[in-house]
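# Inside the fold
Chain residues, written in single-letter form:
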Amino acid sequence: MEEVSVKEARERISLLLDRTQKGEEILISRRGKKVARLVPVGVSEKRLPDLSAFRASIAVNGASLSQTVVDSRDMERY
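Residues numbered from 1 in each chain as written. Predicted model: local features only at pLDDT ≥ 70, side-chain atom pairs only at ≥ 80, totals over all residues. Heavy atoms only, no water.

## Overview of the environment of S57
- One can find S57 in helix α3 (residues 52–57).
- Among the residues examined, S57 registers a relative accessible area of 53% and is labelled exposed.
- Considering only alpha carbons, one finds S57 and K34, 23 residues apart in sequence, at a separation of 50 Å.
- A distance of 2.6 Å separates a polar atom in the side chain of S57 from the backbone oxygen of F54. (Helix = DSSP H or I, 4+ residues; strand = E, 2+ residues; numbered from the N terminus. Buried < 20%, exposed > 50% of the residue type's maximum accessible area, 1.4 Å probe, protein only. Polar contact = N/O pair within 3.5 Å; in protein donor to acceptor, adjacent residues only side chain to side chain.)

Written as C-alpha cells, this is what we have:
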C-alpha cells in the first residue's frame, strides 16, 4: 500500500485512480498524518436480502391497518 501526500495525489489523481481500479489501495496523508484511503469499489457490494418471499408469506387477518386508521379517525370526528 503506497502512501502519497495530498499535493502529490492532486497532481497524479488519474494515475492513482487507474492503480486503484486494478486493485491497489492508496493512502493519502496531510502533514504526515493519514487522512484518506483510495480503495477499489467491490464487485459484490452489500445488498439487502430479497424479502419478497417473506412478505408473501405474511397473512393479514381482518381489515387492513390503513382502513382501521381511517375508520377510527371518522369515528372521532362525530
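## Observations concerning the sheet that holds strand β1 (residues 2–5)
- Pairing within the open sheet is mixed, and its three strands lie in the order β1-β2-β3. In this open sheet, the two strands that pair with only one neighbour each are β1 and β3 (33–38). Taking the axes of each pair of neighbouring strands and ignoring which way they run, one obtains an average angle of 35° across the sheet.
- Bridging between β1 and strand β2 (residues 26–30) involves four bridges; their strand directions are parallel. Counterpart to S5 in the pairing with β2 is S29.
- Helix α2 (residues 13–21) contacts β1, β2 and β3 of the sheet and is inclined by roughly 145° relative to β2. (Pairing = 2+ DSSP bridges. Axes fitted to C-alpha atoms, helices over the stretch in contact; angles between N-to-C directions. Contact = heavy atoms within 4.5 Å.)

None of the figures reported here should be taken as evidence of function without further support.
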